[in-house]
Amino acid sequence: MTGKAEAVHAGWVDDQPEPVTCRTVVRLIRGQRYLLVVTEFHYDSTDPYSVCVIFNAHTDMTVEWRFGRELLLSGQRQLSGAGDIQIWPSEIHGSGVVFISLRSGAEMDVVAAPAKVIDVFLERTLEVVPLGEEDRHLGIDSPVSQLLDEI
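Conventions we followed
Residues numbered from 1 in each chain as written. Predicted model: local features only at pLDDT ≥ 70, side-chain atom pairs only at ≥ 80, totals over all residues. Heavy atoms only, no water. Helix = DSSP H or I, 4+ residues; strand = E, 2+ residues; numbered from the N terminus. Buried < 20%, exposed > 50% of the residue type's maximum accessible area, 1.4 Å probe, protein only. Contact = heavy atoms within 4.5 Å. Pairing = 2+ DSSP bridges. Axes fitted to C-alpha atoms, helices over the stretch in contact; angles between N-to-C directions. Salt bridge = Lys/Arg side-chain N within 4 Å of Asp/Glu carboxyl O. Phe/Tyr/Trp six-rings, centres within 6.5 Å; stacked < 30°, edge-to-face > 60°.

Attention now goes to the overall build of the protein chain. Along the protein chain, the regular secondary structure elements total 4 helices and 7 strands. N-terminal to C-terminal, the α/β element order of the protein chain is α-β-β-β-β-α-β-β-β-α-α. Relative to its 151 residues, the protein chain shows a buried fraction of 37%. Taking contacts inside the protein chain between residues at least 6 apart in sequence as the whole, the part at least 24 apart equals 36%.

The subject of this paragraph is the sheet that holds strand β4 (residues 63-68). Here 7 strands make up an open sheet; going across it, the order is β4-β3-β2-β1-β7-β6-β5 and the pairing antiparallel. With one partner strand each, in any of the chains shown, β4 and β5 (85-92) form the two edges of the open sheet. Adjacent strand axes in the sheet meet at a mean angle of 30°, parallel and antiparallel pairs treated alike. Along the sheet face, helix α3 (residues 115-128) touches β1 (20-30), β2 (33-43), β3 (50-55), β6 (95-104) and β7 (107-114) and points at about 145° away from the line of β1.

This brings us to the pairing of β2. Sheet topology places β1 next to β2; 11 bridges connect them, and they run antiparallel. Along β2, the bridge assignment pairs Val 26 with Val 37. Hairpin connection between β1 and β2: a loop of 2 residues separates the two successive antiparallel strands, and Gly 31 in this loop has a positive phi of roughly 65°. Where β2 and β3 come together, 4 bridges link them in antiparallel fashion. Bridging from a neighbouring strand, Phe 41 pairs with Val 53 of β3. Remark: 6 residues form the turn of the hairpin made by β2 and β3, two consecutive strands paired antiparallel.

Side chains bearing opposite charge may pair, as long as their charged atoms lie close to each other. Enumeration according to the criterion identifies 4 salt bridges in this entry. In this structure, the salt-bridge partner of Glu 64 is Arg 66, at a minimum N-O distance of 3.3 Å. Relative accessible area serves as the criterion here: at 49%, Glu 64 is assigned to the partly exposed category. A cluster of three or more residues bridged by salt bridges with shared partners is formed by Asp 47, Glu 64 and Arg 66.

Another aspect to go through is the environment of Thr 24. Mapping Thr 24 onto the fold places it in strand β1. According to the relative accessible area criterion, Thr 24 is buried, its value standing at 11%. With 15 residues separating them along the chain, Thr 24 and Thr 39 place their C-alpha atoms 5.4 Å apart. If near-sequence neighbours (up to four positions away) are discounted, Thr 24 is found in contact with Val 37, Val 38, Thr 39, Phe 41, Pro 114 and Val 117.

What follows concerns the packing of aromatic side chains. Evaluation of the coordinates by the stated rule reveals 2 aromatic pairs. Relative to Phe 121, the ring of Phe 41 lies with its centre 5.7 Å away and its plane at 55°, an arrangement referred to as tilted. Of this pair, Phe 41 sits in strand β2 while Phe 121 sits in helix α3, and the two are 80 residues apart along the sequence. Take Phe 121: its relative accessible area is 0%, and that puts it in the buried class. When the centroid spacing of 5.5 Å and the interplanar angle of 25° are considered together, the rings of Trp 88 and Phe 99 count as stacked.

Bringing the environment of Ala 82 into the picture now. Tracing the sequence through the fold places Ala 82 in the loop between α2 (69-75) and β5. Overall, Ala 82 belongs to the exposed group, its relative accessible area being 65%. Along the primary structure Ala 82 and Ser 101 are separated by 19 residues, whereas in three dimensions their C-alpha atoms are 9.9 Å apart.

Have a look at this one:
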């Protein structure tokens, strides 16, 4: 990997290719307050279209959000999403960030995650399952093939 991966390497849970799990600290923005929250970004080829974000990782009060990997990819470059989840790139004090807005009912939280972490996380997910090859990892062909063999 490039030097960019080395800069965020401390956040990787392990060096295994899969599942891709990155632990980092994000800023949860609530009104005028910024809370630092330990967060895990997780990707597994058994659910190839989705990424999972777990806030307050490894505590008794975790909150999990699951959304499309393509939404996160698109949100790196431009405002993406509608409704409950929106993602967009920005900068804070000269550092790249990715904002993730999460809405549940009347409540909304905005999270600022380091862009370098998101970039390397997504690079690793694309190494595991390249974009456009997600359907090959759904495991549908095997049961269908078994049924056809029995006929």
